Amino acid sequence: QVHVVESGGGLVQAGGSLRLSCAASGRTFSSYGMGWFRQAPGKEREFVASISWSGTYTYYTDSVKGRFTISRDNAKNTVYLQMNSLKPEDTAVYYCKAETPSTVVGGPPIVYWGQGTQVTVSS
């Protein structure tokens, strides 16, 4: 079992910055791919960024490329999302996701979600 907890959300003006943190319990954190998703009011949850277990590979949705940076510190069991040049359309609840392949051949990946942290960007 992995417990995932996000922090670092808040209210910021457009153009400002925030850094989200996601702390995950468990000795196997370094084997998990980690990702950030967000959900704005009235919209579906959407992918924001992800990072491989080693930190070698990162992926971003187009709307945040060049503004957001995902990183991880496996020694601290933490993944970060540095968000710069924030826009009002970035306002959402941000969720952290931990994922690892199933222990069963052909089975679905094992996924854990945090409770989310609110990010509000004022214009």
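Quick caveat, the model's predicted, so the values are computed rather than measured.

K.L.:
How should the overall build of the protein be read in this particular structure?
P.N.:
When its secondary structure is counted, the protein shows zero helices and eleven strands. Mapped in sequence order, the helices and strands of the protein form the string β-β-β-β-β-β-β-β-β-β-β. Each principal axis of the C-alpha atoms in the protein carries an extent, and together these give about 50 × 30 × 25 Å. The burial tally for the protein puts 38% of its 123 residues in the buried class.

K.L.:
Please clarify how the pattern of salt bridges should be interpreted in this entry.
P.N.:
A side chain of one charge can pair with a side chain of the opposite charge when the charged atoms of the two come close. Counted under the stated rule, the structure contains five salt bridges. Its salt-bridge partner being K65, residue D62 comes within 3.0 Å of it at the nearest N-O pair. Residue D62 is classed as exposed on the basis of its relative accessible area of 60%. Salt bridges sharing partners connect three or more residues here, namely R38, E46, R67 and D90.

K.L.:
Where do I start with unusual backbone geometry in this structure?
P.N.:
Trans peptide bonds make up most of the peptide bonds, and negative phi angles are found at most residues other than glycine. Despite not being glycine, N77 shows a phi value in the positive range, around 50°. Its place among the elements puts N77 in the loop between β7 (68–73) and β8 (78–83). Even without being glycine, S85 reaches a positive phi, approximately 50°. Note on placement: S85 falls in the loop between β8 and β9 (92–100). S85 gets classed as partly exposed once you look at its relative accessible area, which sits at 41%.

K.L.:
I would appreciate a short explanation of the nonpolar core in the present structure.
P.N.:
Soluble, globular proteins show a tendency: their nonpolar side chains are buried together. Ranked by internal contacts, the top residues of the largest apolar core, which has 29 residues, are M34, W36, L81, M83 and Y94. Of all the secondary structure elements, the ones that give two or more residues to this core are β3 (18–24), β4 (33–39), β5 (46–51), β7, β8, β9 and β11 (117–122). Dropping the residues within four chain positions of it, M34 is found in contact with C22, F29, A49, S50, I51, I70, R72, V79, C96, K97 and A98.

K.L.:
Help me understand the sheet that holds strand β1 (residues 4–7) in this model?
P.N.:
Pairing within the open sheet is antiparallel, and its four strands lie in the order β1-β3-β8-β7. Both outer strands of the open sheet, β1 and β7, are each paired with one neighbouring strand and no more. For this sheet, the mean inter-axis angle between neighbouring strands, taken without regard to orientation, is 15°. Sheet topology note: the β7/β8 ladder contains six bridges and is antiparallel. Its bridge partner being in β8, R72 is matched across the sheet by V79.

K.L.:
Please explain the side chain of S21 as it appears in this structure.
P.N.:
Mapping S21 onto the fold places it in strand β3. We classify S21 as buried; its relative accessible area is 16%. With residues up to four places along the chain from it excluded, the contact list for S21 reads V5, E6, S7, W36, T78, V79 and Y80.

Reading the values: the criteria
- What you see as residue numbers is a count from 1 along each chain, following the sequence as written.
- Totals for whole chains, interfaces and linings use all residues, but because this is a predicted model, local features are given only for residues with pLDDT of at least 70 and pairs of side-chain atoms are given and counted only at 80 or more.
- For side-chain calculations, the full set of non-hydrogen atoms in the structure is used, while hydrogens and water are omitted.
- In this text, helices come from DSSP runs of H or I with a minimum length of four residues, and strands from runs of E with a minimum of two, each type numbered from the N-terminal end.
- Whether a residue is buried, partly exposed or exposed follows from its accessible area with a 1.4 Å probe, protein chains only, as a fraction of its type maximum: under 20%, in between, or over 50%, in that order.
- Any carboxyl oxygen of Asp or Glu within 4 Å of a side-chain nitrogen of Lys or Arg constitutes a salt bridge here.
- Put simply, buried Ala, Val, Leu, Ile, Met, Phe, Trp, Tyr and Cys residues joined by side-chain atoms within 4.5 Å make one nonpolar core.
- Only heavy atoms enter the contact rule, under which two residues are in contact if any of them lie within 4.5 Å.
- In this description, strands pair whenever DSSP reports at least two bridges between them.
- With axes taken as lines fitted to C-alpha atoms, and helix axes fitted only over the stretch in contact, angles between N-to-C directions fall between 0 and 180 degrees.

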